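Single-letter residue listing:
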Amino acid sequence: MSAQSIQAPANDASSYLDLGITLALNNWPALALAVQSNWGGPTSDDKRAWLCGAISEMLNERPETDAEDLEDVLIQVMNDEFDVVIDDESAAILAVEIMDIKQHTDRGDFAQIQAMWEAYQRKRQQQSASAAMFKQVDAKDEDQETDDESDEDGDDVEMGEAPALVRAPREKAEPEIDDDGFTMVKKKR
């Protein structure tokens, strides 16, 4: 499930759990950077989607799974699939968050996931608005460039030689002599 195609959940616990896992993984900076940078190759986004499904399946099929087990899986997948070594404790924090999501969904409490979903939607809207503004500014720049280019008639302009850079000579500092007659040594800048 790509970041672009995250869907609102149905009303059952399993769907909310899947959504919570997906949102948590999409918000993990290490994984987001790995996917954005294609460190897992051109299928990096698919690998993230696979990881979301694999974690959901693991939690459903092995109820004894705890945060440490999940952390180990996250670290191993990041290393194996994205060539990223996670050593900043973020995998442990994410594992605890996912286990918390699972506990809430097991109790039928979906408020946390609903809040995550709403925050995700706001973030996507802000990104869309920013992208649209960037496109408008970029389009204006392109129009300006074409106007500038149309003014030129394609001939090279003779510029001449650039002036030589002249550096003023540094003044040599006089040595300082202390009361005992020793010369003070100063560090160079």
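Calculation notes
Residues numbered from 1 in each chain as written. Predicted model: local features only at pLDDT ≥ 70, side-chain atom pairs only at ≥ 80, totals over all residues. Heavy atoms only, no water. UniProt positions renumbered as here; feature names shortened; annotations may be inferred. Helix = DSSP H or I, 4+ residues; strand = E, 2+ residues; numbered from the N terminus. Buried < 20%, exposed > 50% of the residue type's maximum accessible area, 1.4 Å probe, protein only. Arc of directions from axis to C-beta. Contact = heavy atoms within 4.5 Å. Salt bridge = Lys/Arg side-chain N within 4 Å of Asp/Glu carboxyl O. Core = buried A, V, L, I, M, F, W, Y, C linked by side-chain atoms within 4.5 Å.

Within an unreviewed UniProt entry, the label attached to the chain reads Pre-rRNA-processing protein TSR2, and the organism entered is Penicillium decumbens. For the chain, the Sequence similarities (unreviewed entry) comment in UniProt is given as "Belongs to the TSR2 family."

S.K.: Run through the environment of Ser-90, naming residues and quoting values.
M.R.: Relative to the helices and strands, Ser-90 is located in helix α5 (residues 90-106). In sequence terms Ser-90 and Ile-75 are 15 residues apart; their C-alpha atoms lie 9.6 Å from each other.

S.K.: Before we move on, could you go through helix α2 (residues 29-36) and cite the residues and values that matter?
M.R.: When α2 is considered as a whole, its buried residues turn out to be Ala-30, Leu-31, Ala-34 and Val-35. Considered in projection along α2, the buried side chains sweep an arc of 125 degrees and stay on one side of the axis. Across from the buried face of α2, at angles greater than 90 degrees, the exposed residues are Pro-29 and Gln-36. Tucked into the core, α2 has its buried residues touching α1 (13-27), α3 (44-61) and α4 (67-82). Asn-38 sits one or two positions beyond α2 and adopts a positive phi of about 55 degrees.

S.K.: Any details on the pattern of salt bridges? Residues and values, ideally.
M.R.: Evaluated as defined, the whole model comprises four salt bridges. Here Arg-48 ties to Asp-45 by a salt bridge, and the two come within 2.7 Å at their closest N and O atoms. Here Asp-45 and Arg-48 lie together in helix α3, a separation of three residues that amounts to about one turn. Relative accessible area serves as the criterion here: at 24%, Asp-45 is assigned to the partly exposed category. One salt bridge in this structure joins Glu-64 and Arg-62, with 3.7 Å as the shortest N-O distance. On the basis of relative accessibility, which here comes to 37%, the residue Arg-62 falls in the partly exposed class.

S.K.: Go over the nonpolar core, please, and point to the residues and values.
M.R.: Across soluble globular proteins, nonpolar side chains show a tendency to be buried alongside one another. Core analysis: the largest hydrophobic core is formed by 35 residues, its most contacted members being Leu-25, Trp-28, Ile-55, Leu-74 and Met-78. If you list the elements that add at least two residues to this core, you get α1, α2, α3, α4, α5 and α6 (111-151). At seven residues, α1 tops the list of elements feeding residues into this core.

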